[in-house]
2 protein chains.
Amino acid sequence: MTTDNTTKVDREINANLEAVRPDDLRLEKFLPYRLSVLSNRVSNAIAQAYGARFDLTIPAWRVMAILGRFPNLSAADLVEQTAMDKVAISRAVSILLKNDYITRSEDLADRRRQVLNLSELGRDVYERIVPLAQQYENDLMGSLSDEERKQLDSIIEKLMSRAQDWANRGLMD
Amino acid sequence: MTTDNTTKVDREINANLEAVRPDDLRLEKFLPYRLSVLSNRVSNAIAQAYGARFDLTIPAWRVMAILGRFPNLSAADLVEQTAMDKVAISRAVSILLKNDYITRSEDLADRRRQVLNLSELGRDVYERIVPLAQQYENDLMGSLSDEERKQLDSIIEKLMSRAQDWANRGLMD
DNA sequence: TAAGATTGGTTTCAAATGTAACCACTGCCG
DNA sequence: CGGCAGTGGTTACATTTGAAACCAATCTTA
């Protein structure tokens, strides 16, 4: 699917290599580093907010967030939706089952599949967490202007797709 | 990649056709989630690039990056500089010592402190990784215009300081 | 100057995460 | 049918990570 592009990307990268002097790296200006710090701060803060209250891990909460919008998904569907992997989903699901936040039922048409849904209790919790999560996001976004929000949205999209390319093409092989 | 399987497609359509409730959380637009996915993609790609070659973890590389610019730091100084915690630093340092990438010497004035520096070998590796790291960053940034880069820089600054406030003040109490 | 409080740093233990192997079922092709 | 490749999902194991306990040296203060 993507094999034909690898060499091209490599060449671009190599070209950049020549241009860059072995200068010092200023970690505090290095985008990957900044992204990581920012993301950790944000995620940890929010995870604490609902994790403590509802005994949810981040992956578990993500599964709930998806099931809240899209009922009747299988674990495989969740993998697709969340960009999390099989195992993470499986574990999240088992936490949610233990907490009675979701229900699981066999798919008669394909007995390997198991269809997941929020339970009564789960929807309840979901509906309490959503505003909480949104409040955090609003607070974050509140530090930006409308203009900046749009910019951020489109910038993230671009960065994401670039980073995705790396993953697909195995950049430095 | 897979054959067009009618039943599977049908299932997706069924799931997606369920009405989206007005107040649902749209995970794929939720900033904390997007930041997390983006940051993981980027970090993993880069970590693979130098991790494989030089047997370095991300924290270890961060420590090297700081020591490359600022010699004679103690572990505590590194904590301050990197926003990583004590334990992470300690482990990173022990990896780097094992690899002979750094040296450690007692501070005679305060015998609890141990002063760290890149070794010859370490500086060597450092000087090879820096361009590699920069080249990834350039590649990422290459997907943005100059304008966007400035915007991103200032947006991250704002978000960061907001998230920092959370940590300090405990937001939703 | 001795007791407690603090600081630098490491160790220990539990939880979180990733990778690979694995079972059960389905779908395909002879 | 019967075998075998592919899929959905879980389990097992190894590694990473974080929290808290810990040791040793230093600072404080009475």
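Everything here concerns the structure above.
The text that follows walks through the structure, step by step, so that each part is easy to find. Bear in mind that the values here come from a model prediction, so they are computed numbers and not experimental data.

The rules we used
- Residues numbered from 1 in each chain as written.
- Chains lettered and ligands numbered in written order.
- Predicted model: local features only at pLDDT ≥ 70, side-chain atom pairs only at ≥ 80, totals over all residues.
- Heavy atoms only, no water.
- Near = heavy atom within 4 Å.
- Polar contact = N/O pair within 3.5 Å; in protein donor to acceptor, adjacent residues only side chain to side chain.
- Helix = DSSP H or I, 4+ residues; strand = E, 2+ residues; numbered from the N terminus.
- Nonpolar A, V, L, I, M, F, W, Y, C, P; charged D, E, K, R; others polar.
- Contact = heavy atoms within 4.5 Å.
- Salt bridge = Lys/Arg side-chain N within 4 Å of Asp/Glu carboxyl O.
- Buried < 20%, exposed > 50% of the residue type's maximum accessible area, 1.4 Å probe, protein only.
- Least-squares fit on C-alpha atoms with pLDDT ≥ 70 in both.
- Phe/Tyr/Trp six-rings, centres within 6.5 Å; stacked < 30°, edge-to-face > 60°.

**Details of the protein's contact with DNA strand C**
Next, step 1: Around DNA strand C, the surrounding shell holds 17 residues, and the nearest of these are Arg91(A), Ala76(B), Lys86(B), Arg104(B) and Arg112(B).
Next, step 2: For DNA strand C, the backbone portion of the atoms within 4 Å of the protein, that is sugar and phosphate, comes to 48%.
Next, step 3: Note that a base oxygen of DNA strand C is positioned 2.8 Å from one of the side-chain N or O atoms of Arg112(B).
Next, step 4: Taking Gln114(B), its main chain carries an N or O atom lying 2.9 Å from a phosphate oxygen of DNA strand C.
Next, step 5: Elements with a minimum of two residues in the surface near DNA strand C: helix H5 (86-98) of chain A together with helix H4 (75-82) and helix H5 (86-98) of chain B.
Next, step 6: No other element matches the 4 residues that H5(B) contributes to the surface near DNA strand C.
Next, step 7: The residue makeup of the surface near DNA strand C, split by class, is 4 nonpolar, 3 polar and 10 charged.

**A short note on the interface of chain B and chain A**
Next, step 1: On the side of chain A, 81 residues touch chain B, which itself brings 76 residues to the contact.
Next, step 2: Where chain B meets chain A, there are 12 salt bridges.
Next, step 3: We note a salt bridge from Arg34(A) to Asp153(B), for which the minimum N-O separation is 2.9 Å.
Next, step 4: On inspection of chain B and its partner chain A, the count reaches 22 residue pairs in polar contact (both at pLDDT 80 or more).
Next, step 5: When contributions to the side of chain B that touches chain A are tallied by element, the ones reaching two or more residues are helix H1 (6-17), helix H2 (31-54), helix H3 (58-69), H4, helix H6 (120-141) and helix H7 (146-169) of chain B.
Next, step 6: Among the elements that line the side of chain B that touches chain A, the one with the most residues is H2(B), at 16 residues.
Next, step 7: For the side of chain B that touches chain A, the per-class residue count stands at 39 nonpolar, 14 polar and 23 charged.

**Brief notes about the environment of Ser36(A)**
Next, step 1: For Ser36(A), the location among the structural elements is in helix H2 (residues 31-54).
Next, step 2: On the basis of relative accessible area, Ser36(A) is assigned to the buried category, the value being 8%.
Next, step 3: Leave out the neighbours within four places in its chain, and Ser36(A) touches Ser39(B), Ser43(B) and Arg62(B).

**A word on the relation of the copies chain B and chain A**
Put simply, the second copy of the chain is the first one after a rotation about an axis and a shift along it.
Next, step 1: Note on the copies: chain B fits chain A at an RMSD of 0.2 Å, the axial shift is 0.1 Å, and the rotation between them is 179°. Those values place the two copies in the arrangement expected of a two-fold rotation axis.
Next, step 2: Looking at the interface residues of chain B, 89% of them are also at the interface in chain A, so both copies use one shared face.

**Thoughts on the pattern of salt bridges**
Next, step 1: Tallied over the entire structure, the rule returns 24 salt bridges over all chains.
Next, step 2: The partner of Asp110(B) in a salt bridge is Arg112(B), and the shortest N-O contact between them spans 3.0 Å.
Next, step 3: By relative accessible area, which is 23% here, Asp110(B) ends up partly exposed.
Next, step 4: For Arg112(B), a relative accessible area of 72% translates into the label exposed.
Next, step 5: Among the charged side chains, a salt-bridge network with shared partners connects Lys29(A), Arg34(A), Asp153(B) and Glu157(B).

**So, the packing of aromatic side chains**
Next, step 1: Here the structure, examined in full by the defined rule, presents 4 aromatic pairs over all chains.
Next, step 2: Aromatic pair Tyr50(A) and Trp61(A): ring centres 5.6 Å apart, planes at 45°, arrangement tilted. Separated by 11 residues along the polypeptide, Tyr50(A) in helix H2 and Trp61(A) in helix H3 (residues 58-69) bring together distant segments of the chain. Residues Tyr50(A) and Trp61(A) agree in their burial class; the two are buried.
Next, step 3: Consider the rings of Trp61(B) and Tyr126(B), whose centres lie 6.2 Å apart with planes at 35°: the pair is tilted. Here the residue Trp61(B) occupies a position in helix H3, and Tyr126(B) occupies one in helix H6, the gap between them amounting to 65 residues.

**Describing the environment of Ala88(A)**
All names here are of chain A.
Next, step 1: Assignment of secondary structure puts Ala 88 in helix H5.
Next, step 2: Classification of Ala 88 by relative accessible area gives partly exposed; the value is 24%.
Next, step 3: It is 6.9 Å that separates the C-alpha atoms of Ala 88 and Pro 59, two residues lying 29 residues apart in sequence.

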